[in-house]
There are 2 protein chains.
Amino acid sequence: MKKVSDSTVLRLSLYRRHLREFQDQGRLTVSSGDLAARAGTTAAQVRKDLSVFGTFGKRGLGYPVAELAGALRDILGLRRPWRVAVVGTGRIGGALMGYREFRSEGFHIVLGFDADPDKVGSTIQGIPVRSDDDMERELVEREIDIVIVAVPAGAAQRVVDRAVGVGARAILNFAPVALEVPEGVALRTVNMAVELEGLSYALAEARRDAHRGGE
Amino acid sequence: MKKVSDSTVLRLSLYRRHLREFQDQGRLTVSSGDLAARAGTTAAQVRKDLSVFGTFGKRGLGYPVAELAGALRDILGLRRPWRVAVVGTGRIGGALMGYREFRSEGFHIVLGFDADPDKVGSTIQGIPVRSDDDMERELVEREIDIVIVAVPAGAAQRVVDRAVGVGARAILNFAPVALEVPEGVALRTVNMAVELEGLSYALAEARRDAHRGGE
DNA sequence: GGATGTGAATGTCTTCACAGCT
DNA sequence: AGCTGTGAAGACATTCACATCC
């Protein structure tokens, strides 16, 4: 299979979300321009992205909403639910365990892990919390597909190594640190601190420009 | 000023983090290769990124750790604290209000906003929650620099429009939706659902490859 | 007529490779 | 000798523009 860029996949997710809105409005077809306007991109980009996976539209007409939405579900692997575990049930991990958007998209968080003995055995948002010590066994037994890492930065690489050691293939990292995974393991990092610093940069930059008369 | 890409700014944040580690270890200089190894990129990339902002290294020697860390603080606008407000104090918003990484990097969350009258007047993580109705006035009076949006997708654009209407220049969005802002307003979106779907795509893709014999 | 699908052109980011400073 | 700084090359992503089909 040809390599597909991360940004294309990201946009496919967006397209699918907006397709559902069109569907709710009862629209039967959309043009690439319609979708682009909603997703914040261009018509050509929409067509290029979709063309990677096949031809879904009819010339002169546009794309059939329901059919394209279904195709995107297939492409994105959302046809069947995935089993997810959250490692680290602090504020962030706990919030993720209750995040409705995950469940409604077919990501079922079935377990949490924590090192704190006081938390082990309790439930958060109705989801049982297990001991960090049992992570490897539980990941295998409960057939976890995706591991969400929500531990402090210093502990994250160790968690990932252990998870990968028992066959984890997909990891979503919320620790503010760059992680290493072997080939064949999918890793995404959500680094909120880095995003904030990006804004800080923009503010500082604007201020510098102002002081200089914005050359 | 020349345009600097988002990915460069993102990496500068990472470099700064790792520089602190080197500093803690007592190292006085680092090479671009050292930094690259930690940040998960290449030596050439590190040098290119830094060269956009000046020349910080000494040939044959490397970069002075403390000095470069300081320069990056300046570049990223982290020399002085920023005042932040969180709109929407549900699970995600609440977790962000307690996120230590923000405060320790100089992002001071001074206010929360919520539409729920039961929450208004209370505090979350020691931070007062104000009424959503008073948002515009409070943003101005409390001189908020950065607005974090943690409301449901359907409410996000409205919040952004109101904030921008009273002069907000930087927005960090956690709602799973693409937002519009006028020129000159910095916007970053953290779309956790989209990231998960990226992993779902990778898993589905691996599975498709396996069934086909991985061409 | 209207909108797709796509090669070609353009733009952007990354990597190479090496001259030049310490 | 070691490592930076940087033009040039290469890879990748986006946009253009148009033939093609409904």
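Cut-offs applied
- Residues numbered from 1 in each chain as written.
- Chains lettered and ligands numbered in written order.
- Predicted model: local features only at pLDDT ≥ 70, side-chain atom pairs only at ≥ 80, totals over all residues.
- Heavy atoms only, no water.
- Helix = DSSP H or I, 4+ residues; strand = E, 2+ residues; numbered from the N terminus.
- Buried < 20%, exposed > 50% of the residue type's maximum accessible area, 1.4 Å probe, protein only.
- Contact = heavy atoms within 4.5 Å.
- Areas by Shrake-Rupley, 256 points an atom, 1.4 Å probe, with all protein chains shown as cover.
- Lys, Arg positive; Asp, Glu negative; His and termini not counted.
- Charge placed at Lys NZ, Arg CZ, Asp CG, Glu CD.
- Least-squares fit on C-alpha atoms with pLDDT ≥ 70 in both.
- Near = heavy atom within 4 Å.
- Polar contact = N/O pair within 3.5 Å; in protein donor to acceptor, adjacent residues only side chain to side chain.
- Nonpolar A, V, L, I, M, F, W, Y, C, P; charged D, E, K, R; others polar.
- 1 Å grid on protein atoms, 1.4 Å probe; cavity = no way out; pocket = protein on both sides within 12 Å on 5 of 7 lines; lining within 4 Å.
- Points joined across faces, edges and corners; volume = space filled by probe spheres on them.
- Domains from an automatic or database assignment.
- Pairing = 2+ DSSP bridges.
- Salt bridge = Lys/Arg side-chain N within 4 Å of Asp/Glu carboxyl O.
- Phe/Tyr/Trp six-rings, centres within 6.5 Å; stacked < 30°, edge-to-face > 60°.
- Lys NZ or Arg CZ within 6 Å of the ring centre and 35° of its normal.

### Structural notes on the overall build of chain A
Piece 1. Along the backbone of chain A there are nine helices and nine strands.
Piece 2. Along the first, second and third principal axes, the C-alpha set of chain A runs to 60 × 55 × 35 Å.
Piece 3. Here chain A, with 215 residues, has 51% of them falling under the buried criterion.
Piece 4. Long-range pairs, those at least 24 residues apart, make up 54% of the contacts in chain A with a sequence separation of at least 6.
Piece 5. Surface exposure of chain A reaches about 10000 Å², of which carbon and sulfur atoms provide 50%.
Piece 6. Between the mean site of the 30 positive side-chain charges and the mean site of the 28 negative ones, chain A shows a separation of 7 Å.

### Remarks on the relation of the copies chain B and chain A
Piece 1. Of the transformation placing chain B onto chain A, the axial shift is 0.0 Å and the rotation is 180 degrees, giving an RMSD of 0.1 Å. Here the copies are linked by what is in effect a two-fold axis. The C-alpha atom lying nearest the rotation axis in chain B is that of Ala95(B); the distance is 3.3 Å.
Piece 2. The share of interface residues of chain B whose copies in chain A are also at the interface is 100%, consistent with both copies meeting through the same surface.

### What about the protein's contact with DNA strand C?
Piece 1. Around DNA strand C, a shell composed of 23 residues is seen, among which Ser32(A), Arg47(A), Arg59(A), Tyr63(A) and Arg59(B) lie nearest.
Piece 2. Within 4 Å of the protein, the atoms of DNA strand C are drawn from sugar and phosphate moieties in a proportion of 57%.
Piece 3. A distance of 3.1 Å separates a sugar or linking oxygen of DNA strand C from a polar backbone atom of Gly60(A).
Piece 4. Contributing elements (two or more residues each) for the surface near DNA strand C: α3 (43–51) of chain A together with α3 (43–51) of chain B.
Piece 5. At four residues, the largest contribution of residues to the surface near DNA strand C is made by α3(B).
Piece 6. In terms of residue class, the surface near DNA strand C is made up of four nonpolar, ten polar and nine charged.

### Re empty space enclosed by the protein
Piece 1. One pass over the structure, following the stated rule, counts one cavity of 30 Å³ or more.
Piece 2. Of the volumes computed, that of the largest cavity is approximately 60 Å³.
Piece 3. Together, Ile92(A), Ala95(A), Leu96(A), Phe174(A), Met192(A), Ile92(B), Ala95(B), Leu96(B), Phe174(B) and Met192(B) line the largest cavity.
Piece 4. Listing elements by their share of the lining of the largest cavity, those giving two or more residues are α5 (91–97) of chain A together with α5 (91–97) of chain B.
Piece 5. Class assignment for the residues of the lining of the largest cavity results in ten nonpolar, no polar and no charged.

### Brief notes about the domain arrangement of chain A
Piece 1. The domain architecture assigned to chain A consists of domain 1 (6–75) and domain 2 (82–193).
Piece 2. Taken over C-alpha atoms, the centre of domain 1 of chain A sits 31 Å from the centre of domain 2 of chain A.

### Quick notes on the pairing of strand β9 (residues 186–189) of chain A
All names here are of chain A.
Piece 1. Covered by surrounding structure in β9 are Ala 186 and Arg 188 only, the residues Leu 187 and Thr 189 on the alternate face being uncovered.
Piece 2. Of the pairings in the sheet, the one linking strand β8 (residues 170–173) to β9 comprises four bridges and is parallel in character. In the sheet register, Ile 171 faces β9, and the bridge partner there is Leu 187.

### A short note on the pattern of salt bridges
Piece 1. Here the structure, examined in full by the defined rule, presents 36 salt bridges over all chains.
Piece 2. Ionic pairing is found between Asp74(A) and Arg79(A), a salt bridge with its closest N-O pair at 2.8 Å.
Piece 3. With relative accessibility at 46%, the residue Arg79(A) sits in the partly exposed group.
Piece 4. In this structure, Arg27(B) engages Asp34(B) in a salt bridge whose closest nitrogen and oxygen atoms are separated by 2.8 Å.
Piece 5. Here the residues in one salt-bridge network are Arg16(A), Arg17(A), Arg20(A), Glu101(A), Glu105(A) and Glu197(B), joined through shared partners.

### Focus: the protein's contact with DNA strand D
Piece 1. Arg59(A), Ser32(B), Arg47(B), Arg59(B) and Tyr63(B) are the nearest of the 24 residues found near DNA strand D.
Piece 2. Among all atoms of DNA strand D positioned within 4 Å of the protein, those belonging to sugar or phosphate total 61%.
Piece 3. Gln45(A) is positioned such that a nitrogen or oxygen atom in its side chain is 3.3 Å from a sugar or linking oxygen of DNA strand D.
Piece 4. With respect to DNA strand D, the side chain of Lys48(B) contributes an N or O atom lying 3.0 Å from a base oxygen.
Piece 5. Only α3 of chain A together with α3 of chain B provide two or more residues apiece to the surface near DNA strand D.

### Some details on the packing of aromatic side chains
Residue and element names in this part refer to chain A.
Piece 1. Going through the model one piece at a time under the given rule, you end up with four aromatic pairs over all chains.
Piece 2. Their ring planes at 85 degrees and their centres at 4.8 Å tell us that Tyr 99 and Phe 102 sit as a pair that is edge-to-face. Pair check on accessibility: Tyr 99 and Phe 102 agree, each one buried.
Piece 3. Directly above the ring of Phe 22 sits Arg 38, whose terminal nitrogen or CZ lies 4.2 Å from the centroid.

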